[in-house]
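For reference, the chains in residue letters:
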Amino acid sequence: MPPRKSTTQQIAESVASESRAQSRAASPVQDDDDEPFFDAIEELQNHGINAQDIAKLKSAALNTVTGVRMTPKRQLLKIKGLSEAKVDKIKETVQKMLGSSFSTGIEVSDKRKKVVTISTGSKSVDSILGGGIQTQSISEVYGEFRTGKTQMAHTISVIAQLPADMGGGGGKVAYIDTEGTFRPDRIRAIADRFGVDGEAALSNILYARAFNSEHQMELINEATSRFAEEKDYRLLGSLLIVDSIMALFRTDFSGRGELSERQQKLASMLSKLTKIAEEYNIAVLLTNQVQCTVYIHGFRERAKRELADPGATMTFVAGGALKPIGGHILAHASATRMFLRKGRGEERVAKLVDSPDRPESEATYKLDEGGWSDV
């Protein structure tokens, strides 16, 4: 394992940058053209929309022409200073610029060629995912404590920066931490495993600590602006991590009386994340907590017995007892879902429970000083 180059950090960063540039030049994904994956919202000015109105759109975290198309009219009307006439003009302009939303299967296939796959650090887990987590979609991992959810987030934060031939995407990382579990020393240790300067790896991670669900949404909007405006974040293979997606919702909303409001706000956040993944061709990784499901047998005939001794007829079912929180809204938003559980000793098991193009399957991995790795 090569030593750290902390005394020559600038040189190390330059070498790492050249390595990523060479990887991108050799990649067929990025040989097509040098233009960004998206049309910046400033392009609207070339089609008759004034700069003031564009600034208003950007204040609402709308930074791409596609992003404006994705936003419903009634939401645009909520932006201060935009009248219905202005919104109609903006929508009409976007339609002329982007053309029809329909495309042929061949065109969809060409777009899918730009999908970048980022390794998890474990080859066996990568094999059930088809190479790793993918850009243009949301991937979710859930499980109980000590199954490696946050360790996966740390591991993939380093791997995402690596060139394609090392399983990376050659991009940068935005990391939203809702539980205060991000540790720079873990990033340094994982970087050592891959022969990367730890300080350079940390400099490529944009970190933010979220303290409530509203703050979490604000940080996601801010990350959107970074992906649109900062050239380094336009690299294919960049990554957005939210660790974990539901922790703050559990504390901000309690009881069934607030469940409806919670799910509505969660749906808005997940919709935003889905759009970000597709707009900027980035990978979105969400970690999630679990809850224990209790099955109660016999309702009417055992009602009196259950009232007298509620635990008497409760059965905890192994394996199926743990379910991810967030309900169906989160389940439908995540294109790929993996359930993590403890195995024998230090072994962990990842089960792919949902994927649009992969069958259900399992793989083992372990957690060590270098993050996720094979058993």
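Structure: above.
Residues numbered from 1 in each chain as written. Predicted model: local features only at pLDDT ≥ 70, side-chain atom pairs only at ≥ 80, totals over all residues. Heavy atoms only, no water.

A. Layout of empty space enclosed by the protein. If you walk through the whole model with that rule in mind, you get one cavity of 30 Å³ or more. There is about 40 Å³ of room inside the largest cavity. Forming the boundary of the largest cavity are Leu129, Ile133, Ser139, Glu140, Val141, Met152, Leu285, Thr336 and Met338. Here the lining of the largest cavity takes three residues from strand 3 (residues 137-143), the largest share from any one element. (1 Å grid on protein atoms, 1.4 Å probe; cavity = no way out; pocket = protein on both sides within 12 Å on 5 of 7 lines; lining within 4 Å. Points joined across faces, edges and corners; volume = space filled by probe spheres on them. Helix = DSSP H or I, 4+ residues; strand = E, 2+ residues; numbered from the N terminus.)

B. Representation of the packing of helix 11 (residues 213-229) against helix 13 (residues 259-280) in the model. At a minimum axis distance of 11 Å, the contact between helix 11 and helix 13 shows a crossing angle of 10°. It follows from the interaxial angle that helix 11 and helix 13 lie roughly parallel. Note that helix 11 runs across helix 13; the crossing there is left-handed. Of the residues in helix 13, those in contact with Ser213, Gln216, Met217, Ile220, Asn221, Thr224, Phe227 and Ala228 of helix 11 are Ser268, Met269, Lys272, Leu273, Ile276 and Tyr280. Class assignment for the residues of the contact of helix 11 with helix 13 results in eight nonpolar, five polar and one charged. (Axes fitted to C-alpha atoms, helices over the stretch in contact; angles between N-to-C directions. Parallel < 35°, antiparallel > 145°, perpendicular 65-115°, else oblique. Left-handed = near helix turned anticlockwise from the far one by under 90°. Contact = heavy atoms within 4.5 Å. Nonpolar A, V, L, I, M, F, W, Y, C, P; charged D, E, K, R; others polar.)

C. Expanded view of the layout of surface pockets. Of the volumes computed, that of the second largest pocket is approximately 720 Å³. Contributing to the lining of the second largest pocket are 25 residues, with Ala60, Thr71, Gln75, Met217 and Lys272 lying nearest its centre. Taken together, the elements giving at least two residues each to the lining of the second largest pocket come down to helix 2 (51-59), helix 4 (73-76), helix 11 and helix 13. Here the lining of the second largest pocket gets six residues from one element, more than from any other, and that element is helix 13.

D. Representation of the sheet that holds strand 12 (residues 336-342) in the model. Spatial strand order, 5-4-6-7-3-12-13-14-15: nine strands in an open sheet with mixed pairing. Edge positions in the open sheet fall to strand 5 (205-209) and strand 15 (371-373), since each of these has one partner strand only. For this sheet, the mean inter-axis angle between neighbouring strands, taken without regard to orientation, is 25°. Here strand 3 pairs with strand 7 (residues 283-288) via six bridges, running parallel. Counterpart to Tyr142 in the pairing with strand 7 is Asn288. (Pairing = 2+ DSSP bridges.)

E. Layout of helix 9 (residues 184-193). Taken across its ten residues, helix 9 has seven buried, putting it largely inside the fold. Of all the positions in helix 9, only Arg186, Ile187, Arg188, Ala189, Ile190, Ala191 and Asp192 are classed as buried. Of the surrounding secondary structure, the elements contacted by the buried residues of helix 9 are helix 8 (149-159), helix 10 (198-203), strand 5, strand 14 (361-368) and strand 15. Count one or two residues on from helix 9 and you reach Gly195, which has phi positive near 70°. (Buried < 20%, exposed > 50% of the residue type's maximum accessible area, 1.4 Å probe, protein only.)

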